[in-house]
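# Summary of structural features
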Amino acid sequence: MTDHLLVEKRGGIAIMTMNRPDRLNALSGEMLDALVANAHEFWHDSTVRCVVITGAGRGFCAGGDVKSMAEGREFEDNSVQAKANALRGKMEISRLLHEMPKPTIAMVRGPIAGAGMSIGLSCDMRIASDTLTFTTAFANVGYAGDFGGSYFLSHLVGTAKARELYYTAAKVKSEEALRLGIVNRVVPDDRLEEETMALAEQLATGPSVALGYMKRNMNAAENESLARCLDMEAMHHTLAGETEDHKNATKAFVAKEKPVFNGR
């Protein structure tokens, strides 16, 4: 375990807090290993129905630890292939957040940059404080970019704008991030946790099986053909129709009652 990542559960919501506030939550090896391990656990934990990731203090995550880069301490093995392999293993956090069959939310305030930006973009949604400052940052330190940021940003804002943001490392404030579709909502900083947790609670008490199928459909829509997406929708829609949640919800709808979803 490491104190670089704090983990908490509130009902059906799991919260991961990157915890190096004195370094704007710059990513450490211990933090990344803990993120990957906990994301694996939450994927398979049926009591977790929504995952929130955030940063302690005034920022979400400044990305990689530039001080460690400058001192040559970023990797233990200095061969190119060994470095790439080690990095790829830690980059699994982005795939896990993007693909786990339950909603993931990034709760973002202050700086979000580099690999931290990529991790935030890997979530299904981003709720941002009005203090947000977004930047790809990689060009500033002569890096090409990692943790899937080029994939996620291209899908969110289009390839031309994504290239501009990567090549120039321009800083984007909260309202522009909202306009570009990088974040879903912008709220006053003192209401960020309240607004994010209200959304997380709504999702955690929703039809979790159906939401998992929705997420698979949405992810497929990023790259699959229309025919393949139609095939998946037909199967997932039918499977969702077999759940207790669907059957109970239809009865509640007819009775003009609020449905209760149990994740079955």
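Quick look at the structure, then. Counting of residues starts from 1 at the beginning of each chain's written sequence and follows it residue by residue. Local features in this predicted model are restricted to residues of pLDDT 70 or higher, and side-chain atom pairs are both shown and tallied only at a pLDDT of 80 or more, whereas totals for entire chains, interfaces and linings draw on every residue. Remark: hydrogens and water are excluded; side-chain values derive from all non-hydrogen atoms of the structure.

## Examining the side chain of Thr-196
Threshold: A run of DSSP states H or I qualifies as a helix once it reaches four residues; a run of E qualifies as a strand once it reaches two. Both are numbered from the N-terminal end. Categorising residues by exposure relies on relative accessible area from a 1.4 Å probe, with only protein chains included: less than 20% of the type maximum marks a residue as buried, more than 50% marks it as exposed, and the intermediate range marks it as partly exposed. Contact between two residues is taken to exist if any of their heavy atoms lie within 4.5 Å; hydrogens are not considered.
Looking at where Thr-196 falls in the secondary structure, it is placed in helix α9 (residues 192-204). Residue class for Thr-196 comes out buried when judged on its relative accessible area of 0%. Every residue in contact with Thr-196, bar those within four places of it in the chain, is listed here: Val-52, Ile-105, Met-107 and Ile-127.

## Comments concerning α9
Residues that lie three or four places apart on an α-helix share one face, since the helix turns once every 3.6 residues. The test is simple: Helices are assigned an expected span. That span is 1.5 Å times one less than the residue count. Think of it as the arc spanned by the lines of direction from the helix axis to the C-beta atoms.
Its 13 residues place the ends of α9 18 Å apart at the C-alpha level, agreeing with the 18 Å of an ideal helix rising 1.5 Å per residue. Those residues of α9 that sit buried are Leu-192, Thr-196, Met-197, Leu-199, Ala-200, Leu-203 and Ala-204. Looking straight down α9, one finds its buried side chains confined to an arc of 160 degrees; they lie on one side. For α9, the exposed residues set more than 90 degrees away from the buried face come down to Glu-194 and Gln-202.

## A look at the environment of Ala-177
Within the secondary structure layout, Ala-177 lies in helix α8 (residues 174-180). Between the alpha carbons of Ala-177 and Ala-128 there is a distance of 9.1 Å; along the sequence they are 49 residues apart. Leave out the neighbours within four places in its chain, and Ala-177 touches Leu-132, Val-172, Ile-182 and Val-183.

## Comments concerning the packing of helix α5 (residues 114-122) against helix α6 (residues 149-157)
As a reminder, the rule being used: Every axis corresponds to a line fitted to the C-alpha atoms, with the helix fit spanning only the stretch in contact, and the corresponding angles, defined between N-to-C directions, vary from 0 to 180 degrees. Should an angle lie under 35 degrees it is considered roughly parallel, over 145 roughly antiparallel, and from 65 to 115 roughly perpendicular; all remaining angles are considered oblique. Two helices crossing with the near one rotated counterclockwise from the far one by less than a right angle form a left-handed crossing, whereas a clockwise rotation gives a right-handed crossing. Under the grouping applied here, Gly and all other residues not named as nonpolar or charged are polar, the nonpolar ones being Ala, Val, Leu, Ile, Met, Phe, Trp, Tyr, Cys and Pro and the charged ones Asp, Glu, Lys and Arg.
Contact geometry for α5 and α6: axes closest at 9 Å, N-to-C directions at 55 degrees. Relative to α6, the element α5 is oriented oblique. Considering the relative orientation of α5 and α6, their crossing is left-handed. Together, Met-117, Ser-118, Leu-121 and Ser-122 of α5 and Gly-149, Phe-152, Leu-153 and Leu-156 of α6 make up the contact between the two elements. In terms of residue class, the contact of α5 with α6 is built from five nonpolar, three polar and no charged.

## Points about the pattern of salt bridges
Rule in force here: Salt bridges are identified by distance alone: a Lys or Arg side-chain nitrogen within 4 Å of an Asp or Glu carboxyl oxygen.
Under the definition given, this model contains 13 salt bridges. In this structure, Asp-124 engages Lys-215 in a salt bridge whose closest nitrogen and oxygen atoms are separated by 2.9 Å. With Asp-124 in the loop between α5 and β6 (125-129) and Lys-215 in helix α10 (residues 208-221), the pair connects residues that are 91 residues apart, well separated along the chain. Classification of Asp-124 as partly exposed rests on a relative accessible area of 27%. Here the salt bridges do not stand alone but share partners, grouping Arg-88, Glu-92, Arg-95 and Glu-99 into one network.

## Describing the state of the cysteines
To keep things clear, this is the line we draw: Here, a disulfide means two cysteine sulfur atoms that sit within 2.5 Å of each other.
Across all of its chains, the model carries zero disulfides by this definition. Here Cys-61 is not cross-linked by a disulfide; its sulfur's nearest cysteine counterpart is in Cys-123, at 12 Å. We classify Cys-61 as buried; its relative accessible area is 0%.

None of the figures reported here should be taken as evidence of function without further support.
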